[in-house]
Amino acid sequence: MPGQHRRPPQVSGDFGLPHADLAAGLARFNEAPFLAAEAALLECCGSRRWAHRMAAHRPFPDLASLLAASDEAGYDLAPRDIAEALAAEPAPCLHHDAPRAAHLALRAAHAAYESRFGHSFVICLDACPPSQHVDQVLAGIRVRLTHEVDEERALTAEELRRLARSRLVELVTEGW
């Protein structure tokens, strides 16, 4: 599903990780060649402008600084940058064993959303268990279909920022 990815560790305060592991991952990220870091960042947010800015602002002293920079870069994205990031989001999918009705419902909901707003639906699902993802996506689409275009544009940008933050935590804790 858009926004679906491996669940990062639950984060709070020290981000729930041993300081040495977090520091080592962040150090590897900070020291990576620019193009490698930029490519990894594009997996977090599909905006080239965002990824370039984030890679250029390294080194980050800690994860909180990295996430704050991500938010700042996200707030500065122009509509074309957001459109680029949305285009890079993964296509909706369910496990192949899911009931056919679930596949059809999800496909129809996404089609209705894309028809109304002109882009794919994104939602950050970190707060809910995988068993509830389909229900959360369908409920989210139903609610968000009632939004005005400007309201939905702002919410979509916020969901992209949340996804980027979550993916950054995963990147520095597991990807480097």
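This text goes with the structure placed above it.
Being a predicted model, the structure only gives us computed values, none of them experimental. (Residues numbered from 1 in each chain as written. Predicted model: local features only at pLDDT ≥ 70, side-chain atom pairs only at ≥ 80, totals over all residues. Heavy atoms only, no water.)

### Considerations on the packing of helix H6 (residues 100-117) against helix H7 (residues 133-144)
Put simply, the rule is: For helices, the axis comes from a line fit to the C-alpha atoms of the stretch in contact; other axes are also lines fit to C-alpha atoms, and the angle between any two N-to-C directions lies between 0 and 180 degrees. Here a strand is any run of E in DSSP of at least two residues, a helix any run of H or I of at least four, and the numbering for each starts at the N terminus. Note on terminology: angles under 35 degrees are roughly parallel, angles over 145 are roughly antiparallel, angles of 65 to 115 are roughly perpendicular, and the others are oblique. Helix crossings are classified by the rotation of the near helix relative to the far one: an anticlockwise turn of less than a right angle makes the crossing left-handed, while a clockwise turn makes it right-handed. Throughout, a contact is declared for two residues whenever any of their heavy atoms are within 4.5 Å. Residues are sorted three ways: Asp, Glu, Lys and Arg are charged, Ala, Val, Leu, Ile, Met, Phe, Trp, Tyr, Cys and Pro are nonpolar, and all the rest, Gly among them, are polar.
Between H6 and H7, the shortest axis-to-axis distance is 10 Å and the interhelical angle comes to 30°. Viewed along their axes, H6 and H7 adopt a mutual orientation that is roughly parallel. Handedness of the H6/H7 crossing: left-handed. The residues of H7 that touch H6, namely those facing Ala105, Leu106, Ala109, His110, Tyr113 and Phe117, are Val137, Leu138, Ile141 and Arg144. Class assignment of the residues belonging to the contact of H6 with H7 gives a composition of 8 nonpolar, 1 polar and 1 charged.

### Re the packing of helix H2 (residues 34-44) against helix H3 (residues 48-56)
At a minimum axis distance of 8 Å, the contact between H2 and H3 shows a crossing angle of 135°. When the axis of H2 is compared with that of H3, the two are oblique. Of the two elements, H2 crosses H3, and the hand of that crossing is right-handed. For the pair formed by H2 and H3, the contact residues are Phe34, Ala37, Glu38, Leu41, Leu42 and Cys44 on the first element and Arg48, Trp50, Ala51, His52, Met54, Ala55 and Ala56 on the second.

### As for the nonpolar core
Here is the rule: Nonpolar cores are built from buried Ala, Val, Leu, Ile, Met, Phe, Trp, Tyr and Cys residues. Side-chain atoms within 4.5 Å join them into one set. Exposure is judged per residue with a 1.4 Å probe applied to protein chains only, and the accessible area is read against the type maximum: over 50% gives exposed, under 20% gives buried, and values in between give partly exposed.
Phe29, Leu41, Trp50, Met54, Leu66 and Leu168 are the most contacted members of the largest nonpolar core, which totals 33 residues. Those elements that provide at least two residues to this core are helix H1 (19-31), H2, H3, helix H4 (63-75), helix H5 (79-88) and helix H8 (149-175). The greatest single-element share of this core, amounting to 8 residues, is contributed by H8. Among all residues touching Leu41, those that are not within four sequence positions of it are Phe29, Trp50, Ala51, Met54, Ala55, Leu168 and Leu171.

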